[in-house]
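Here is how the chains run, residue by residue.
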Amino acid sequence: MDAAISTKQPPAAERVYTHVKRAVLDRSYQGGTLLTEGDLAEAVGVSRTPVREGLLRLEAEGLIKLYPKKGALVLPVSAQEIADVVETRLLVEQHAVRKVVPAPAQLLSRLEELLDEHEEHRETGDLAAAAVTDRCFHATIVRAAGNEILSQLYDQLRDRQLRMGVAVMHAEPDRIARNIEEHADILAALRAGDGERAAAVVRQHVSRVKAIVRGEA
């Protein structure tokens, strides 16, 4: 088989979708930015038709709003959205840390690995990667709790969590280090078999997001 065939690119609309979504989540395209089809077509290297297709998907996900003949407006994170995400995270994450106690060795080992990854991102200053690792730490605990319906609900928060996570770190430069400390506290509580202590740290950790992001969004 021809190597060119085996390594062909994803469809044009998918490339537009991925490009814009990544830029919105890592705040390269901040809330309030107006994106034009022509600029996006040039940036991704496609025609305007797949740009429209990709933008329609993003509008359906609530990340942008399309304006005919003008372009796509990147929607800011609203105060209500922040409150809703924080409330949902608290309900799911506090339940999960209590339920995983006594925590299996495999879970504790994976959380330790994620702490190490988080530290690497802190050293390099990679905010987007730090937000992904931060979210993965909590998602790992949620999955370990063994409730598939709650896990699916939590997964629906992913994009909002990543976007807010990067906003938090822009607003508070030492937030990565503090996140690592708080994650270490959660891990220590799980090692000690203290689900209530772990839930208290989760509440403090997640609740900070609301105050910080509301000042930034």
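Look above for the structure.
Our subject in this report is the structure included herewith. These numbers were taken from a predicted model, which means no experiment stands behind them. (Residues numbered from 1 in each chain as written. Predicted model: local features only at pLDDT ≥ 70, side-chain atom pairs only at ≥ 80, totals over all residues. Heavy atoms only, no water.)

**Digging into the environment of Glu119**
Okay, step 1: Looking at the secondary structure, you find Glu119 in helix 6 (residues 105-124).
Okay, step 2: Given the relative accessible area of 24%, Glu119 is considered partly exposed.
Okay, step 3: With 61 residues separating them along the chain, Glu119 and Ile180 place their C-alpha atoms 7.1 Å apart. (Helix = DSSP H or I, 4+ residues; strand = E, 2+ residues; numbered from the N terminus. Buried < 20%, exposed > 50% of the residue type's maximum accessible area, 1.4 Å probe, protein only.)

**Brief notes about unusual backbone geometry**
Okay, step 1: Pro102 follows Val101 through a cis peptide bond whose omega is 0°.
Okay, step 2: Position of Pro102 among the secondary structure elements: in the loop between helix 5 (79-99) and helix 6.
Okay, step 3: Although it is not a glycine, Arg27 adopts a positive phi angle of roughly 70°.
Okay, step 4: Assignment of secondary structure puts Arg27 in the loop between helix 2 (12-25) and strand 1 (34-35).
Okay, step 5: Positive phi is not limited to glycine here, since Lys69 has a value of about 65°.
Okay, step 6: Structurally, Lys69 is set in the loop between strand 2 (64-67) and strand 3 (71-74).
Okay, step 7: By relative accessible area, which is 91% here, Lys69 ends up exposed.

**Regarding the sheet that holds strand 2**
Okay, step 1: On the basis of which strands lie adjacent, the open sheet formed by three strands has the order 1-3-2 and antiparallel pairing. Every interior strand has two partners, whereas the edge strands, strand 1 and strand 2, have only one.
Okay, step 2: Of the strand pairs in this sheet, strand 2 and strand 3 are connected by four bridges, and their pairing is antiparallel. In the sheet register, Leu66 faces strand 3, and the bridge partner there is Ala72.
Okay, step 3: Against the sheet, helix 4 (residues 48-60) touches strand 2 and strand 3, its axis set at about 130° to strand 2. (Pairing = 2+ DSSP bridges. Contact = heavy atoms within 4.5 Å. Axes fitted to C-alpha atoms, helices over the stretch in contact; angles between N-to-C directions.)

**Re the packing of helix 6 against helix 10 (residues 175-191)**
Okay, step 1: Orientation of helix 6 relative to helix 10, taken along the N-to-C sense of each, is 170°, at an axis distance of 10 Å. With respect to helix 10, the element helix 6 is oriented roughly antiparallel. Judged by residue contacts, Leu108, Leu111, Glu112, Leu115, His118, Glu119 and Arg122 of helix 6 engage Ile176, Ala177, Asn179, Ile180, His183, Ala184, Leu187, Leu190 and Arg191 from helix 10.
Okay, step 2: Here the residues of the contact of helix 6 with helix 10 are counted per class, giving nine nonpolar, three polar and four charged. (Parallel < 35°, antiparallel > 145°, perpendicular 65-115°, else oblique. Nonpolar A, V, L, I, M, F, W, Y, C, P; charged D, E, K, R; others polar.)

**Overview of the nonpolar core**
Okay, step 1: Core analysis: the largest hydrophobic core is formed by 42 residues, its most contacted members being Val97, Leu111, Phe137, Ile141, Ile186 and Leu190.
Okay, step 2: Among the elements of the structure, helix 5, helix 6, helix 7 (127-144), helix 9 (158-171), helix 10 and helix 11 (195-216) are those that each provide at least two residues to this core.
Okay, step 3: For this core, the element with the most residues is helix 5, which contributes seven residues.
Okay, step 4: Once you skip the residues sitting within four places of it in the chain, Val97 turns out to touch Ile141, Ile186, Leu190, Gly195, Ala198, Ala199 and Val202.
Okay, step 5: Among the nonpolar cores identified, the runner-up in size contains 18 residues, and Ala23, Val24, Tyr29 and Ala72 belong to it. (Core = buried A, V, L, I, M, F, W, Y, C linked by side-chain atoms within 4.5 Å.)

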